[in-house]
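Coordinates in review
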Amino acid sequence: PLHDLERNGPNLQYTVWWRRKDSGDDWTNVTTFQSKYIFHPTETYVPYEIKIQARNDFGSGPESNIVTGFSGEDKPREAPSELRVSKVGSTTANIHWKPVDLSSVQGEFKEYRLYYYRESSLVPGLVVSKEKKTTGFYTTVPEPSGIVKDLMPYSRYQMFMVVANNRFESPPSNTVEFTTEEDVPDAPRFFRIYRRSLDTLHLEWGKPLEPNGILIGYQLKYRRVNGSRLGPQQIETFRQNVTQFTLRLPDRSARYKFNLSALTKVGAGEVYAEESPTLTNEGEDN
C-alpha cells in the first residue's frame, strides 16, 4: 500500500488486474480499498499475470510492474508405484520406483519423499526405535532410482514413497519390506580394568548396544608399556558369553595398553581402548 504522503488526495483505492498468462485473455479487474484481494474460481496451479494501480478522487496513478503468480496447489492425484529394492548392504539400499505424470502433482513438483523405519533387529531380544525417517529425491527421469543411507545393519525395515508439492503429499506407494546385511559390531558398552592385587588385573566389559549381527566373541589385544616403548602384541579371544578376564602380571610395576573389540562373522568391530591403572598403595583397587 501507499504511504500517507503518497496518496495525494482522498478516497484512495486500488485497482487489481489479472489474466491467465499466455492465454490471450483480456484483463479482469476489481477495485478495492484494501491492500489484499482474493479472486476465484481458478484452475489448480496455473500462472497469472497481475498488476495493480492506485487511484483517488483526482484520477489514477501509474500502473505497477507485471508479476506472475500461481493459483493454489492441491493434493497430488497419483502415487509413485512399483517401489522396490535391488541391492541391500549393511547400511545402504538401492531403490527404484515408477514415476508419476508430473501434471498429476497439481502444484510445483518438489520431490519424491521416501518414508522408512526400522521395524526390528534380527538380533533376538534387541529392542529398537521405530522412529520414522524421511529422505527426498528430486528427479524427473523416466526410470528413477536412489540410495537410502544410514541404515542399521542386520535389521528389518519397511518403507513407502509419496510425491510432494509445496503443500501436499500424494497417497502412499506400495509398502516394501527388506532386511540389511550383517556388519561389524559397535564397541563394547563399557570396559573396566581393576587392580585386584599386586600381581593381577581384572578386566570386565559389556556387550555392544548395537551388535550389528550375531556376536561370536570378543578379541582382546594388549601390549606391555615400558616407558615410551611397547612390548610385543598379545591376543586373547573369548566366546560371546564371556565378559571378563584376569591377567597375571609378571611384576607389580607392569603396565599394559588394551584394545577390546566384539566380533561377528564379518569381523572385529569398533575398538574400546583402555590402559591399566597405576599402582598407588599396596592392595588398593583403582
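The coordinates are above.
Now for a look at the structure at hand. (Residues numbered from 1 in each chain as written. Predicted model: local features only at pLDDT ≥ 70, side-chain atom pairs only at ≥ 80, totals over all residues. Heavy atoms only, no water.)

Points about the overall build of the protein
A tally of helices and strands in the protein yields zero helices and 21 strands. Against the globule reference of 19 Å for 286 residues, the protein gives a C-alpha radius of gyration of 34 Å, more extended than a compact globule. The principal-axis extent of the C-alpha atoms belonging to the protein is close to 105 × 50 × 30 Å. When contacts within the protein are restricted to residue pairs at least 6 apart in sequence, long-range pairs at least 24 apart make up 62% of them. Within the structure as shown, the protein displays about 16,900 Å² of accessible surface, and the carbon and sulfur contribution to it stands at 46%. Charged side chains in the protein number 36 positive and 37 negative. The centres of these two groups are separated by 7 Å. (Helix = DSSP H or I, 4+ residues; strand = E, 2+ residues; numbered from the N terminus. Rg over C-alpha atoms; globule rule 2.2 N^0.38 Å. Contact = heavy atoms within 4.5 Å. Areas by Shrake-Rupley, 256 points an atom, 1.4 Å probe, with all protein chains shown as cover. Lys, Arg positive; Asp, Glu negative; His and termini not counted. Charge placed at Lys NZ, Arg CZ, Asp CG, Glu CD.)

Here we look at the packing of aromatic side chains
Tallying each qualifying case throughout the model produces 19 aromatic pairs. Relative to Tyr 138, the ring of Phe 109 lies with its centre 5.2 Å away and its plane at 40°, an arrangement referred to as tilted. Residue Phe 109 is located in the loop between strand S7 (93–98) and strand S8 (111–121), and its partner Tyr 138 is located in the loop between strand S9 (133–137) and strand S10 (145–148); the two are separated by 29 residues in the primary sequence. Judged by its relative accessible area of 10%, Phe 109 falls in the buried class. Put simply, the rings of Phe 191, Trp 205, Tyr 218, Tyr 222, Phe 238, Phe 245, Tyr 256, Phe 258 and Tyr 272 pair up and form one aromatic cluster. For Lys 51, the ring lying beneath its charged end belongs to Trp 17, and the centroid distance is 5.4 Å. Taking the ring centre of Trp 27 as reference, the NZ or CZ of Lys 51 above it sits at 4.5 Å. (Phe/Tyr/Trp six-rings, centres within 6.5 Å; stacked < 30°, edge-to-face > 60°. Buried < 20%, exposed > 50% of the residue type's maximum accessible area, 1.4 Å probe, protein only. Lys NZ or Arg CZ within 6 Å of the ring centre and 35° of its normal.)

Remarks on the side chain of Ser 71
Along the chain, Ser 71 falls in the loop between strand S5 (67–70) and strand S6 (81–88). A polar side-chain atom of Ser 71 sits 2.7 Å from the main-chain carbonyl oxygen of Glu 43. There is a polar contact of 2.9 Å between the side chain of Ser 71 and the backbone nitrogen of Val 46. Beyond its immediate chain neighbours, meaning those up to four positions away, Ser 71 contacts Thr 42, Glu 43, Thr 44, Tyr 45, Val 46 and Tyr 48. (Polar contact = N/O pair within 3.5 Å; in protein donor to acceptor, adjacent residues only side chain to side chain.)

Some remarks on the sheet that holds S8
Ordered in space as S9-S8-S11-S12, the four strands form an open sheet in which the pairing is antiparallel. Edge positions in the open sheet fall to S9 and strand S12 (176–179), since each of these has one partner strand only. Sheet twist, expressed as the average angle between the axes of neighbouring strands with direction ignored, equals 30°. As paired elements, S8 and strand S11 (residues 155–164) share ten bridges and run antiparallel to each other. Within S11, the residue paired with Arg 113 across the bridge is Val 162. (Pairing = 2+ DSSP bridges. Axes fitted to C-alpha atoms, helices over the stretch in contact; angles between N-to-C directions.)

Some words on the environment of Gly 69
As for its placement among the helices and strands, Gly 69 is situated in strand S5. Gly 69 sits 126 residues away from Arg 195 along the chain, and the two C-alpha atoms are 76 Å apart. If near-sequence neighbours (up to four positions away) are discounted, Gly 69 is found in contact with Val 46, Pro 47, Tyr 48 and Ile 50.

Some remarks on the layout of surface pockets
Over the atoms a probe the size of a water molecule is rolled, and this reveals where empty space is left. Of the pockets and cavities examined, the largest pocket occupies roughly 270 Å³. As for the largest pocket, its lining consists of 18 residues, and the residues nearest its centre are Leu 2, Gln 53, Ala 54, Gly 61 and Pro 62. Per-class residue counts for the lining of the largest pocket are seven nonpolar, seven polar and four charged. Here the second largest pocket is characterised by a volume of approximately 220 Å³. Along the walls of the second largest pocket sit Pro 1, Tyr 14, Val 16, Thr 32, Gln 34, Ser 35, Lys 36, Tyr 37, Phe 39, Ile 50 and Ile 52, which together make up its complete lining. Of all the secondary structure elements, the ones that give two or more residues to the lining of the second largest pocket are strand S1 (13–20) and strand S3 (47–56). Partitioned by chemical class, the residues of the lining of the second largest pocket number seven nonpolar, three polar and one charged. (1 Å grid on protein atoms, 1.4 Å probe; cavity = no way out; pocket = protein on both sides within 12 Å on 5 of 7 lines; lining within 4 Å. Points joined across faces, edges and corners; volume = space filled by probe spheres on them. Nonpolar A, V, L, I, M, F, W, Y, C, P; charged D, E, K, R; others polar.)

No statement about biological role is implied by the geometric values presented.
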